[in-house]
Number of protein chains: 2
Amino acid sequence: MRAVLKVIGLTENITSTQAISCKHRQIHSSHSRCKASIIDGVKRANSIQDELKKEVSLLEGNRPQLTTVLVGDDYVSHVYIKRKMMAAKAVGISTNTIYLENSCSERDLVSLLDSLNQDVNVNAILVQLPLPNHICERTICNTIAPLKDVDGFNFFNMGRFALGMNALWPCTAMAVHDLITSTGGSPGMDATTTICHRHTPLSLLSSLTKSADILISATGVPGLISSSMVKPGACVIDVGITRIHNEELKETRLIGDVDFDGVSKIAGFLTPVPGGVGPMTVAMLLKNTVLAYKLQMRGKG
Amino acid sequence: MRAVLKVIGLTENITSTQAISCKHRQIHSSHSRCKASIIDGVKRANSIQDELKKEVSLLEGNRPQLTTVLVGDDYVSHVYIKRKMMAAKAVGISTNTIYLENSCSERDLVSLLDSLNQDVNVNAILVQLPLPNHICERTICNTIAPLKDVDGFNFFNMGRFALGMNALWPCTAMAVHDLITSTGGSPGMDATTTICHRHTPLSLLSSLTKSADILISATGVPGLISSSMVKPGACVIDVGITRIHNEELKETRLIGDVDFDGVSKIAGFLTPVPGGVGPMTVAMLLKNTVLAYKLQMRGKG
């Protein structure tokens, strides 16, 4: 699996579609009318969070503390932060959110992070992305202390992740890994991995996705992956989340990269949007928070 | 180009063949009888070393110091170290090689590296790989101080490399990058990259290599890449080096992964073995040594 996850971590999940040929249990390989097993991300996330709740209740000393930083007034970012904080509280993690104006300078944000890095009462730091254009996200990710970097985006954690070393790994990559292994698939180092992206010609993209036993899409292009692009029986993981607002119906829908109705007739396994990778990513953030706490306690002991 | 190099660095060049589709100048795309342009790694390496010699002669203070560590009596490792040291001296780098018995423990090697890390007279440290089985190479690579790690194998440098950040990048990846750009090709972030390896079925391998505009092979399997596996006009970089000893003739030949005679009739560009990636990797080691020296001086200034 590492070959797969490496790439996800490094591209930060936003523009790549991965086509992977590897051994994977294929349940529906010959029946294109079969309905794919839908991987329930909410159920899996709840189960992880239940375990974390138990673990946190048994910890000695203070509860793990997660501080999030939100710059600007992006509506979706506020929704995400609220959801993360609620989930954290539910497992017994102590939380705090710092709100900064959109006009906040990079220097001010770096100063804030420096003080949070030093603060012994803060175990975990998450800066909600994206940031305003005048702030360099790479600089900010690298400013967070590696042992508190629960998003796993500091180059320190990315390097260790890429080499398969212990670290705070990127949450989405961990979520994808967990969802694939939950199907009984265990793609190991034997996976032949292709990374596609916005510059890959569509015809080439199709032929590559069509040959993949595991297909992970993280483009943010709603419905990009149609049934004709999927190998029968493949395990399809949809990382894309696009919010579509219907003004007339006054409703907002979340749509993934994958044409769910079409692909569910072809794939062996499929994650839904919402209810797939999203809740699992939150669960992995909480897992990293508890891990960060334990690593820091070990350092003190 | 980054997409290509990332993977090379991370797989440490030893077991992967990469098939890359991207825009690349194709000179011989339609004439299979055309002879490929042979990329002269020796000439390019000499030119880089000439520049470094000038740069070193202008440096204030001491000359850059490179210390190499060689464990055991592997003949090939001794040849490599000798070659690196000679090249270093020729550009004005001060050198030292520490020889350790094959029975040396991991702890002793770590202690030695700790003291070299502290030694202000040592600017660059290289531990010749492979190490005896009882020593973990990852541990050793991570023990070398990032600012002295001229092989670029510490997770710190690998992480920064993977993210395109300034660092001491892995020498072979730098060599491959330079050789490709020297042909006028400039594969950018638009490269669709596939990583193949020992677990990739041969039929799949062939179809993937055949579709690649740039093909980088680093397997150590002599002659693995035959002409039927190469796209006409492709740029083929041969990182593999295998020593074949002929007892009767009392001669040792170096053989690459690529069937040179066959592929040179198909490819647009091709690196030879010897005389391709090998000497360029040495040049990049020296480039990193000078960079390490300058980074350390800047830290003092």
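Residues numbered from 1 in each chain as written. Chains lettered and ligands numbered in written order. Predicted model: local features only at pLDDT ≥ 70, side-chain atom pairs only at ≥ 80, totals over all residues. Heavy atoms only, no water.

As annotated in an unreviewed UniProt entry, chain A carries the name methenyltetrahydrofolate cyclohydrolase and is attributed to Thrips palmi. Chain A has a UniProt comment under Subunit (unreviewed entry) that states "Homodimer." Of the comments in the UniProt record for chain A, the one headed Catalytic activity (unreviewed entry) reads "(6R)-5,10-methenyltetrahydrofolate + H2O = (6R)-10-formyltetrahydrofolate + H(+)". (UniProt positions renumbered as here; feature names shortened; annotations may be inferred.)

*Asks:* Lay out the overall build of chain A in plain terms, naming residues and giving numbers.
*Replies:* If you tally the helices and strands in chain A, you get ten helices and eleven strands. Burial statistics for chain A: of 301 residues in total, 54% are counted as buried. Pairs at least 24 apart in sequence give 73% of the contacts found in chain A among residues at least 6 apart. As displayed, chain A offers around 13,400 Å² of accessible surface, 54% of which is attributable to carbon and sulfur atoms. (Helix = DSSP H or I, 4+ residues; strand = E, 2+ residues; numbered from the N terminus. Buried < 20%, exposed > 50% of the residue type's maximum accessible area, 1.4 Å probe, protein only. Contact = heavy atoms within 4.5 Å. Areas by Shrake-Rupley, 256 points an atom, 1.4 Å probe, with all protein chains shown as cover.)

*Asks:* Give me the lowdown on the UniProt feature "domain: Tetrahydrofolate dehydrogenase/cyclohydrolase NAD(P)-binding" (unreviewed entry) in chain A, citing residues and values where you can.
*Replies:* Following the UniProt record, one finds the feature "domain: Tetrahydrofolate dehydrogenase/cyclohydrolase NAD(P)-binding" (unreviewed entry) at residues 190-296 of chain A. The straight-line gap between the two end C-alpha atoms of residues 190-296 of chain A is 35 Å; of that span, 31% is helix and 24% is strand.

*Asks:* Before we move on, could you go through the packing of aromatic side chains and cite the residues and values that matter?
*Replies:* Here the structure, examined in full by the defined rule, presents four aromatic pairs over all chains. Geometrically, the ring pair formed by Phe161 of chain A and Trp169 of chain A is edge-to-face, given 5.0 Å between the ring centres and 65° between the ring planes. Its relative accessible area of 3% is what places Phe161 of chain A among the buried residues. Lying over the aromatic face of Phe155 of chain B, Arg160 of chain A brings its terminal NZ or CZ to 4.7 Å of the ring centre. (Phe/Tyr/Trp six-rings, centres within 6.5 Å; stacked < 30°, edge-to-face > 60°. Lys NZ or Arg CZ within 6 Å of the ring centre and 35° of its normal.)

*Asks:* Break down the interface of chain A and chain B for me, citing the residues and quoting the values.
*Replies:* Taken residue by residue, the interface counts 26 residues in chain A and 26 residues in chain B. Roughly 2,100 Å² of surface becomes buried between chain A and chain B when both sides are summed, with 71% attributable to carbon and sulfur atoms. On the surface where chain A and chain B come into contact, there are zero salt bridges. Where chain A touches chain B, the interface holds seven residue pairs in polar contact (both at pLDDT 80 or more). The set of elements that each furnish at least two residues to the side of chain A that touches chain B consists of α5 (137-143), α6 (155-162), β6 (192-196) and α8 (202-210) of chain A. The element that contributes the greatest number of residues to the side of chain A that touches chain B is α6 of chain A, accounting for six residues. Of the residues assigned to the side of chain A that touches chain B, the class counts are 13 nonpolar, nine polar and four charged. (Buried area = accessible area lost by both parts, 1.4 Å probe. Salt bridge = Lys/Arg side-chain N within 4 Å of Asp/Glu carboxyl O. Polar contact = N/O pair within 3.5 Å; in protein donor to acceptor, adjacent residues only side chain to side chain. Nonpolar A, V, L, I, M, F, W, Y, C, P; charged D, E, K, R; others polar.)

*Asks:* How would you summarise the sheet that holds strand β3 (residues 65-71) of chain A if you had to cite specific residues and measurements?
*Replies:* All names here are of chain A. Across the sheet, which stays open at both edges, the three strands sit in the order β4-β3-β5 with parallel pairing between neighbours. Looking at strand neighbours, the two that pair on one side only are β4 (94-100) and β5 (124-127), the edges of this open sheet. On average, each strand axis in the sheet is inclined to that of its neighbour by 15°, with strand direction left out of account. Where β3 meets β5, four bridges bridge the pair, whose relative direction is parallel. For Leu66, the partnering residue across the bridge sits in β5 and is Ala124. In this fold helix α4 (residues 106-118) packs onto β3, β4 and β5, with an angle of close to 175° to the strand it touches most, β3. (Pairing = 2+ DSSP bridges. Axes fitted to C-alpha atoms, helices over the stretch in contact; angles between N-to-C directions.)

*Asks:* Got a sec to walk through the relation of the copies chain A and chain B? Specific residues and values, please.
*Replies:* Note on the copies: chain A fits chain B at an RMSD of 0.0 Å, the axial shift is 0.0 Å, and the rotation between them is 180°. Here the transformation between the copies is reduced to the relation of a two-fold axis. Of every C-alpha in chain A, the one belonging to Gly159 of chain A sits nearest the axis of rotation, 1.7 Å from it. (Least-squares fit on C-alpha atoms with pLDDT ≥ 70 in both.)

*Asks:* With reference to specific residues and values, describe the UniProt feature "domain: Tetrahydrofolate dehydrogenase/cyclohydrolase catalytic" (unreviewed entry) in chain A.
*Replies:* UniProt tags residues 39-151 of chain A as "domain: Tetrahydrofolate dehydrogenase/cyclohydrolase catalytic" (unreviewed entry). Overall, residues 39-151 of chain A shows 48% helix and 16% strand. The separation of its end C-alpha atoms is 23 Å.

*Asks:* Now, about helix α8 (residues 202-210) of chain B: what can you tell me, with residues and values included?
*Replies:* Within α8 of chain B the residues assigned to the buried category are Leu205, Leu208 and Thr209 of chain B. Here the buried residues of α8 of chain B occupy an arc of 95° about the axis, which is enough to place them on one side. (Arc of directions from axis to C-beta.)

*Asks:* Provide a residue-level description of the sheet that holds strand β3 (residues 65-71) of chain B, including the pertinent values.
*Replies:* Residue and element names in this part refer to chain B. If you walk across this open sheet you meet the three strands as β4-β3-β5, and the pairing is parallel. Looking at which strands have only one partner, the edges of the open sheet turn out to be β4 (94-100) and β5 (124-127). Across this sheet, the average inter-strand angle for adjacent strands is 15°, counted without regard to direction.

*Asks:* Explain the domain arrangement of chain A to me, using residue names and the numbers behind them.
*Replies:* Residue and element names in this part refer to chain A. Each assigned domain of chain A is listed here: domain 1 (3-9 + 34-42 + 172-274) and domain 2 (61-157 + 279-296). With centres defined by C-alpha atoms, the gap from domain 1 to domain 2 works out at 27 Å. Across the boundary between the two partners, domain 1 contributes nine residues, which contact nine residues of domain 2. Here domain 1 meets domain 2 over a buried area of about 870 Å², counting both sides, of which 69% is carbon and sulfur. Interface area lost by domain 1 to domain 2 is led by Met174, Ala175 and Arg243, which between them contribute 53%. At the boundary of domain 1 with domain 2, the tally comes to zero salt bridges. Our enumeration of links across domain 1 and domain 2 arrives at zero residue pairs in polar contact (both at pLDDT 80 or more). Listing elements by their share of the side of domain 1 that touches domain 2, those giving two or more residues are α2 (41-58) and α7 (171-181). Sort the elements by how many residues they give to the side of domain 1 that touches domain 2 and α7 lands first, with five residues. Residue composition of the side of domain 1 that touches domain 2, grouped by class: five nonpolar, two polar and two charged. (Domains from an automatic or database assignment.)

*Asks:* How would you explain the pairing of strand β9 (residues 242-246) of chain A if you had to name every residue and give the values?
*Replies:* Residues and elements named next belong to chain A. When β9 meets strand β10 (residues 251-255), the two strands line up antiparallel, connected through five bridges. Each residue of the ladder has a partner; that of Asn246, found in β10, is Glu251. Taken together, β9 and the strand that follows it, β10, pair antiparallel across an intervening segment of four residues, in which Lys250 is found at a positive phi of about 50°.

*Asks:* Now, about the environment of Thr68 of chain B: what can you tell me, with residues and values included?
*Replies:* Residues and elements named next belong to chain B. Its location among the elements puts Thr68 in strand β3. Sequence separation between Thr68 and Gln128 is 60 residues, and the spatial gap between their C-alpha atoms is 7.1 Å. Beyond its immediate chain neighbours, meaning those up to four positions away, Thr68 contacts Ile81, Met85, Asn96, Thr97, Ile98 and Leu126.

*Asks:* So what about the environment of Thr271 of chain A? Which residues, and what values?
*Replies:* Residue and element names in this part refer to chain A. Looking at the secondary structure, you find Thr271 in the loop between β11 (269-270) and α10 (277-300). Residue classification places Thr271 among the buried positions, given a relative accessible area of 1%. If we ignore the near neighbours within four places in the chain, the residues touching Thr271 are Ile39, Leu179, Val236, Ile237, Asp238, Phe260, Gly276 and Val277. For Thr271, the side chain forms a polar contact with the main-chain nitrogen of Asp238, separated by 2.8 Å.

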